[in-house]
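# A closer look at the structure
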Amino acid sequence: MTGLKDKTMRAIKWSSLSFLTTILLTPLFAAILARLLSKEEFGLFAIGLSLYAVGQYIADFGIAQALVQKSDLTEEDIRAGFTSSVLLGLLATALAWLLAPAAGDFFNNADVTPFMRAYACVYVIASLATVSTSLLRRALRFKPLMVVEVGSYIIGQGVFGLGAAYLGLGAYSLIVSAAVQAVIQLSVSYFYGRHPFGFTFRRESYRALYAFGGRASLVNFLEFLSTNLDTLMIGRFYGTGILGLYNRGYNVIYAPMIGLARSLTRVLAPSFSVVQHDQAKLRSSYLSGLMALSILLFSIAASAFISAREIVLVLLGESFISVVPIVQVLALFIPFPVLGNLSAVLAEASARLNAKILVQSVYLVGLAAAYWMAYRLGWGILGFASVLTVAGAIRSAAYAVVARRIIGGGGKEIVRAYTVGLVYGLGMAAVMFMVIYPLRQFGLSPFVLLGIEVLLSGALLVALLLLGPTNELQNQVRTLIRNIISRTGRWWKDRRHVKGT
């Protein structure tokens, strides 16, 4: 068990490094893109990305999760996974080409058809990397995964994507970025997670993978629909211009949280799977992670709510100033998808997929009804953001109930984790407001104010983690600080010794 814990903590460190790097680069890239693309082009991209995700679920069909979760993995399983990925990737590409005109008609936008077809060409490249990345995740080898993820993002988005946008390719620059990232991820992941590039067509080879993978794919598709339902409905009812505004507000505040949720899934799913039959260890791991994330996420949400104006002005520019209220509402949404995802990962790792299917199905139906009501009542895109936040909180609570059943109790600890996080978030908001509001009256530039907000929220967050309830993240922060102090002391001692000689 010690070996597993060490592997998990190393995986979390590398995953955290990837997340922190992405959270630093994403605002920079978003700020540049906001000045190169129009809101209509962002709306087209949002539609294309949502439709592309549909094909991704078809191309994967839960194979990646099945390869990670399966207790005894054979070479035949790997060949079956590879064969499925390739064939499903080709199927997804073909379907995208055939259905692209229907998508253009649905959104009343002829530009959607060629954009969707161009995006579909990435399916096959991405599907080839499914098995190698899954094998690395299964072995908790997150160093190469995180290196390629960050490297491909910097090269694909920072160099090719921004370069293509600068050259005038518009929304298609984002397809260029996706294709380059897929090629890099395929090359590097296969180098570290090599497997037979062989096919198998024996029916029995697919039973075990599809028994789990089919249900996992259904869950993923339900999650996709619920995550992208606002994009699909806003694009249909309000057009690409309004969708572009909503998309920028959504992504500037929520995109980093998507990265954190994915990092959690990659790290914790294989770790939870190993201890899925030891309820005590499973319970301890879940509750410790829940407390740490609750403190972290509610504090980040509070900081983002107070800083929404400066975030929009610095990252998107004055032309997007109307999305400030949307960013504030979505800032309140930040904790719930990630905390819910932690419980969802627990259900997936213990093969309780029926519970996930039930939660996601009810959530999807309720969300669709609430969005429709918001549209009919004329609440606009701010109403859509408010509906998403409330629905996200309810979904997170539902998954907490599922987690309680899996770990065999712990209801009070779960409620305490959410309560502590909420209290800490309110405290963060109060301190941030008392400091930032007076500074705004002096007419400081948004760049200066955002810098102050980042430094202040960072200092407060470290203090909250150090002084808050015991959790694994707190232990890691304290260890990091001790190491920094120790290394600084040794450096200073060596420096004085050199001067003395």
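Residues numbered from 1 in each chain as written. Predicted model: local features only at pLDDT ≥ 70, side-chain atom pairs only at ≥ 80, totals over all residues. Heavy atoms only, no water.

### A look at the overall build of the protein chain
For the protein chain, the helix and strand inventory stands at 20 helices and 0 strands. With 501 residues in all, the protein chain has 52% of them scored as buried. Taking contacts inside the protein chain between residues at least 6 apart in sequence as the whole, the part at least 24 apart equals 84%. Total accessible area on the protein chain is roughly 22500 Å²; 66% of this is exposed by carbon and sulfur atoms. (Helix = DSSP H or I, 4+ residues; strand = E, 2+ residues; numbered from the N terminus. Buried < 20%, exposed > 50% of the residue type's maximum accessible area, 1.4 Å probe, protein only. Contact = heavy atoms within 4.5 Å. Areas by Shrake-Rupley, 256 points an atom, 1.4 Å probe, with all protein chains shown as cover.)

### A few points about the environment of Thr-93
Within the element layout of this structure, Thr-93 appears in helix H4 (residues 75-106). According to the relative accessible area criterion, Thr-93 is buried, its value standing at 15%. Between the alpha carbons of Thr-93 and Tyr-52 there is a distance of 9.6 Å; along the sequence they are 41 residues apart. Those residues in contact with Thr-93 that lie beyond four places of it in its chain are Ala-120, Tyr-123 and Val-124.

### Looking at the layout of surface pockets
Quantified by volume, the second largest pocket comes out at close to 240 Å³. If you go around the second largest pocket, you meet 13 residues; those closest to its centre are Leu-51, Val-54, Leu-95, Leu-99 and Met-116. For the lining of the second largest pocket, the elements supplying multiple residues, two or more each, are helix H2 (39-60) and H4. In terms of residue count, H4 provides more of the lining of the second largest pocket than any other element does, 7 residues in total. (1 Å grid on protein atoms, 1.4 Å probe; cavity = no way out; pocket = protein on both sides within 12 Å on 5 of 7 lines; lining within 4 Å. Points joined across faces, edges and corners; volume = space filled by probe spheres on them.)

### Focus on the packing of aromatic side chains
Here the structure, examined in full by the defined rule, presents 15 aromatic pairs. Aromatic pair Phe-29 and Tyr-153: ring centres 5.3 Å apart, planes at 45 degrees, arrangement tilted. Here Tyr-153 lies in helix H8 (residues 142-166) and Phe-29 lies in helix H1 (residues 2-34), a separation of 124 residues in the sequence. A relative accessible area of 7% means that Phe-29 is categorised as buried. Arranged with centres 5.8 Å apart and planes meeting at 80 degrees, the rings of Phe-115 and Tyr-119 form a pair that is edge-to-face. Taken together, the residues span about one helical turn, with Phe-115 and Tyr-119 both in helix H5 (residues 112-120) at a distance of 4 residues. With relative accessibility at 0%, the residue Phe-115 sits in the buried group. When its relative accessible area of 4% is taken as the criterion, Tyr-119 is described as buried. (Phe/Tyr/Trp six-rings, centres within 6.5 Å; stacked < 30°, edge-to-face > 60°.)

### Let's talk about the environment of Glu-75
By secondary structure assignment, the location of Glu-75 is in helix H4. Glu-75 gets classed as partly exposed once you look at its relative accessible area, which sits at 46%. C-alpha of Glu-75 to C-alpha of Pro-196: the two residues are 121 residues apart in sequence and 8.1 Å apart in space.

### With respect to H4
The end-to-end C-alpha separation of H4 is 44 Å, in line with the 46 Å expected for 32 residues at 1.5 Å each. For H4, the principal kink sits at Leu-99 and spans about 45 degrees; a proline, Pro-101, occurs within the next four residues. Asn-108 sits one or two positions beyond H4 and adopts a positive phi of about 55 degrees. (Expected span 1.5 Å × (residues − 1). Bend = angle between axes of the 7 residues up to and from the residue.)

### Overview of the pattern of salt bridges
By the definition in use, this model includes 3 salt bridges. In this structure, Arg-440 and Glu-310 form a salt bridge, with 2.8 Å as the shortest nitrogen-oxygen distance. Of this pair, Arg-440 sits in helix H18 (residues 411-440) while Glu-310 sits in helix H13 (residues 308-315), and the two are 130 residues apart along the sequence. Classification of Arg-440 as partly exposed rests on a relative accessible area of 26%. (Salt bridge = Lys/Arg side-chain N within 4 Å of Asp/Glu carboxyl O.)

### Concerning unusual backbone geometry
Positive phi values are uncommon outside glycine, yet Asn-108 reaches one of about 55 degrees. On the secondary structure map, Asn-108 appears in the loop between H4 and H5.

### Observations concerning the packing of H4 against H5
In contact at an axis separation of 8 Å, H4 and H5 are set at 165 degrees when each is read in the N-to-C sense. As judged from the angle between their axes, H4 and H5 are roughly antiparallel. Crossing handedness for the pair H4 and H5: right-handed. The residues of H5 that touch H4, namely those facing Thr-93, Ala-96, Trp-97, Ala-100, Pro-101, Ala-103 and Gly-104, are Val-112, Thr-113, Met-116, Arg-117 and Ala-120. Tallied by class, residues from the contact of H4 with H5 come to 8 nonpolar, 3 polar and 1 charged. (Axes fitted to C-alpha atoms, helices over the stretch in contact; angles between N-to-C directions. Parallel < 35°, antiparallel > 145°, perpendicular 65-115°, else oblique. Left-handed = near helix turned anticlockwise from the far one by under 90°. Nonpolar A, V, L, I, M, F, W, Y, C, P; charged D, E, K, R; others polar.)

### Quick look at helix H19 (residues 446-467)
Taking 1.5 Å as the rise per residue, H19 with 22 residues should run 32 Å; its terminal C-alpha atoms sit 31 Å apart, in good agreement. Within the sequence span of H19, burial applies to Leu-449, Leu-450, Glu-453, Leu-456, Ser-457, Leu-461 and Leu-465. All buried residues of H19 lie within an arc of 160 degrees about the axis, which places them on one face of the element. Seen from the buried face of H19, the exposed residues on the opposite side, beyond 90 degrees, are Phe-447, Leu-455 and Leu-467. (Arc of directions from axis to C-beta.)

### Examining the nonpolar core
Ranked by size, the top nonpolar core spans 114 residues in total, and within it Tyr-246, Ile-253 and Tyr-286 carry the most contacts. Among the elements that make up this core, the one with the highest residue count is helix H12 (residues 279-306) (14 residues). In contact with Ile-253, not counting residues within four places along its chain, are Ala-304, Ile-311, Val-327, Leu-330, Ala-331 and Ile-334. In this structure, Ile-63, Leu-67, Phe-82 and Val-131 belong to the second largest nonpolar core, which totals 7 residues. (Core = buried A, V, L, I, M, F, W, Y, C linked by side-chain atoms within 4.5 Å.)

### With respect to the confidence of the model for the protein chain
Summary statistics for the protein chain give a mean pLDDT of 79 and a share of 80% for residues scoring 70 or more. Within the protein chain, the element-level pLDDT minimum falls on H1, averaging 65, and the maximum on helix H14 (residues 324-333), averaging 92. (pLDDT = per-residue confidence, 0-100.)

### Examining the packing of helix H16 (residues 353-376) against helix H17 (residues 380-407)
As a packed pair, H16 and H17 sit with axes 10 Å apart at the nearest point and diverge in direction by 160 degrees. Comparing the axis directions of H16 and H17 gives the class roughly antiparallel. In this structure, H16 crosses over H17, and the sense of that crossing is right-handed. In this structure, H16 uses Ala-355, Lys-356, Val-359, Gln-360, Tyr-363, Leu-367, Ala-370, Tyr-371, Ala-374 and Tyr-375 to contact H17, whose residues at the interface are Gly-380, Gly-383, Phe-384, Val-387, Leu-388, Ala-391, Gly-392, Arg-395, Ala-398, Tyr-399 and Val-402. Here the residues of the contact of H16 with H17 are counted per class, giving 15 nonpolar, 4 polar and 2 charged.

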